[in-house]
Amino acid sequence: MSTSKKDLANNISTKLGVTQSIASNIVNSFFEFLKLNHKQKINIHNFGTLYYKRTPERVGRNPKTLQEFKIKARNKLIFSPSEKLKKNIN
């Protein structure tokens, strides 16, 4: 299932009884907060932790031709769920 920002805003609007505009601002503010604080670990109590992890440069390989190429180092966004969230899902 894929969820868009609009779907999140609709859900917040319905559950909190606020206008669609306010709910949209809440969603956009949350994602803006994540972007601005990307260098820090963001821990959301009873939900999980979001953090960036630097992956080193490595050698990749085309499985069909076996041709090797370099994959550049990059940052990955990692989500680590809390124990409480894991228990609720399972």
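Structural data are supplied above this passage.
Residues numbered from 1 in each chain as written. Predicted model: local features only at pLDDT ≥ 70, side-chain atom pairs only at ≥ 80, totals over all residues. Heavy atoms only, no water.

A. Examining helix H2 (residues 20–36) more closely. Taking 1.5 Å of rise per residue, 17 residues should cover 24 Å, and H2 covers 24 Å from first to last C-alpha, within 8% of that figure. Buried within H2 we find Ala 23, Val 27 and Leu 34. The buried residues of H2 occupy an angular sector of 35 degrees when projected down its axis, which confines them to one face. Across from the buried face of H2, at angles greater than 90 degrees, the exposed residues are Lys 35 and Leu 36. (Helix = DSSP H or I, 4+ residues; strand = E, 2+ residues; numbered from the N terminus. Expected span 1.5 Å × (residues − 1). Buried < 20%, exposed > 50% of the residue type's maximum accessible area, 1.4 Å probe, protein only. Arc of directions from axis to C-beta.)

B. Spotlight on the pattern of salt bridges. Across all of its chains, the model carries three salt bridges by this definition. Of the charged contacts in the structure, one is a salt bridge between Glu 57 and Lys 70, with a shortest N-O distance of 4.0 Å. Taken as a pair, Glu 57 in the loop between strand E2 (48–55) and strand E3 (58–61) and Lys 70 in strand E4 (residues 68–71) lie far apart in primary sequence, 13 residues in all. Lys 86 is the salt-bridge partner of Glu 83, the closest N and O atoms lying 3.5 Å from each other. Of this pair, Glu 83 and Lys 86 both sit in helix H3 (residues 83–89), three residues apart, which is roughly one turn of that helix. On the basis of relative accessible area, Glu 83 is assigned to the exposed category, the value being 53%. (Salt bridge = Lys/Arg side-chain N within 4 Å of Asp/Glu carboxyl O.)

C. Layout of a positive patch on the surface. Taken together, the side chains of Lys 53, Arg 58, Arg 74 and Lys 76 present a region of like positive charge at the surface. Structurally, Lys 76 is set in strand E5 (residues 74–81). (Patch = residues over 30% accessible without salt bridge, like charges linked within 9 Å, V, L, I, M, F, W, Y side chains within 5 Å. Areas by Shrake-Rupley, 256 points an atom, 1.4 Å probe, with all protein chains shown as cover. Lys, Arg positive; Asp, Glu negative; His and termini not counted. Charge placed at Lys NZ, Arg CZ, Asp CG, Glu CD.)

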